[in-house]
Amino acid sequence: NRCSYCAIPYIRGSYRSRQMDDVVAEAENLAARGVQELILVAQDTTRYGEDIYGKPVLDELLYELNKIEGIEWIRLLYCYPDRLTDSLLRCMSECEKVLHYIDLPLQHASGKILKLMNRRGDGKNLLELIEKIRSYMPDCIIRTTFITGFPGETEEEFEQTVRFAKEARFLMIHVFPYSKRSGTPAAEMEGQVPESVKKERVARLSSVAADVRRELLEEWISKTPSTEVL
């Protein structure tokens, strides 16, 4: 996706998918050896297949993996928000082995900062996406990551992310200070934020994340049915 802060495309090259038959065959072999959980992972798992089949086909792959006897759980990592389509969310809700878990690295909630990151959207349409995810899977666990101190980030733009995190109510948030990567566009941008400010913002956002997580866990505890020993 060529985010302006990320060196991965320069290291690993362009996106490449494996043939679906090859992935399914490997999964069947793992199941035969007793493996119960599959983890599908890529820099952007939701792009799977577009370079081979002309369109993303992650939903089609999931339907095939869901049929494999012996596999109990299928987990997705690193889903790009722009490609979480209705068809993919419907597939996740229909396939009983696909966990209602989405790793959704959002990085920020300010439209200006996201544009500087060479990403799209803003807090408003990201909240709409999260609402759509939960409309298909009300019990979905959403994990995300945020970057603080990206070049040009003001206090108000950081606070946009704080407010967004509170409203979106993620179970898991991992917060990282922006770190320069040689050769990336962001490393040459003006408005580099001091390290002390980056770290202070990491601490503030991490505290908010911990509060939200605690609230969610307490809500789930209250919903757990009591059991009696007969």
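What comes next concerns the included structure. Computed from a predicted structure; not experimentally measured. (Residues numbered from 1 in each chain as written. Predicted model: local features only at pLDDT ≥ 70, side-chain atom pairs only at ≥ 80, totals over all residues. Heavy atoms only, no water.)

### Let's talk about the sheet that holds strand S1 (residues 37–41)
Taken together, five strands build an open sheet; the order of strands is S1-S2-S3-S4-S5 and the sheet is parallel. The open sheet has two free edges, formed respectively by S1 and strand S5 (172–177), since each of these has just one partner strand. When the angles between neighbouring strand axes are averaged without regard to direction, this sheet yields 15°. Across the face of the sheet, helix H5 (residues 86–94) comes into contact with strand S2 (73–77) and strand S3 (98–103) while running at roughly 140° to S3. (Pairing = 2+ DSSP bridges. Helix = DSSP H or I, 4+ residues; strand = E, 2+ residues; numbered from the N terminus. Axes fitted to C-alpha atoms, helices over the stretch in contact; angles between N-to-C directions. Contact = heavy atoms within 4.5 Å.)

### Some thoughts on helix H7 (residues 123–136)
Look at H7: 20 Å from first C-alpha to last across 14 residues, which is about the 20 Å you get at 1.5 Å a residue. Among the residues making up H7, those that are buried are Gly123, Leu126, Leu127, Leu129, Ile130 and Ile133. All buried residues of H7 fall inside an arc of 155° around its axis, so they share one side. When the buried face of H7 is taken as reference, the exposed residues oriented beyond 90 degrees from it are Lys124, Glu131 and Ser135. Here the buried face of H7 lies against H5, S3, helix H6 (111–116), strand S4 (141–148) and helix H8 (155–168). Where H7 begins, one side-chain oxygen reaches toward the backbone nitrogen of lysine 124, 3.1 Å away; that side chain belongs to aspartate 122. (Expected span 1.5 Å × (residues − 1). Buried < 20%, exposed > 50% of the residue type's maximum accessible area, 1.4 Å probe, protein only. Arc of directions from axis to C-beta. Polar contact = N/O pair within 3.5 Å; in protein donor to acceptor, adjacent residues only side chain to side chain.)

### What to know about the pattern of salt bridges
Inspection of every chain in the model, using the stated rule, returns 21 salt bridges. Between arginine 201 and glutamate 155 there is a salt bridge whose closest N-O contact spans 3.5 Å. In this pair, arginine 201 is assigned in helix H9 (residues 195–223) and glutamate 155 in helix H8, connecting sequence segments 46 residues apart. With relative accessibility at 6%, the residue arginine 201 sits in the buried group. A salt bridge links glutamate 155 to arginine 204, with the nearest nitrogen and oxygen atoms 2.6 Å apart. With glutamate 155 in helix H8 and arginine 204 in helix H9, this residue pair connects regions lying 49 residues apart in the sequence. Connected through shared salt-bridge partners, Glu153, Glu155, Glu159, Glu200, Arg201 and Arg204 make up one network. (Salt bridge = Lys/Arg side-chain N within 4 Å of Asp/Glu carboxyl O.)

Read these as layout, nothing more, since geometry by itself doesn't imply function.
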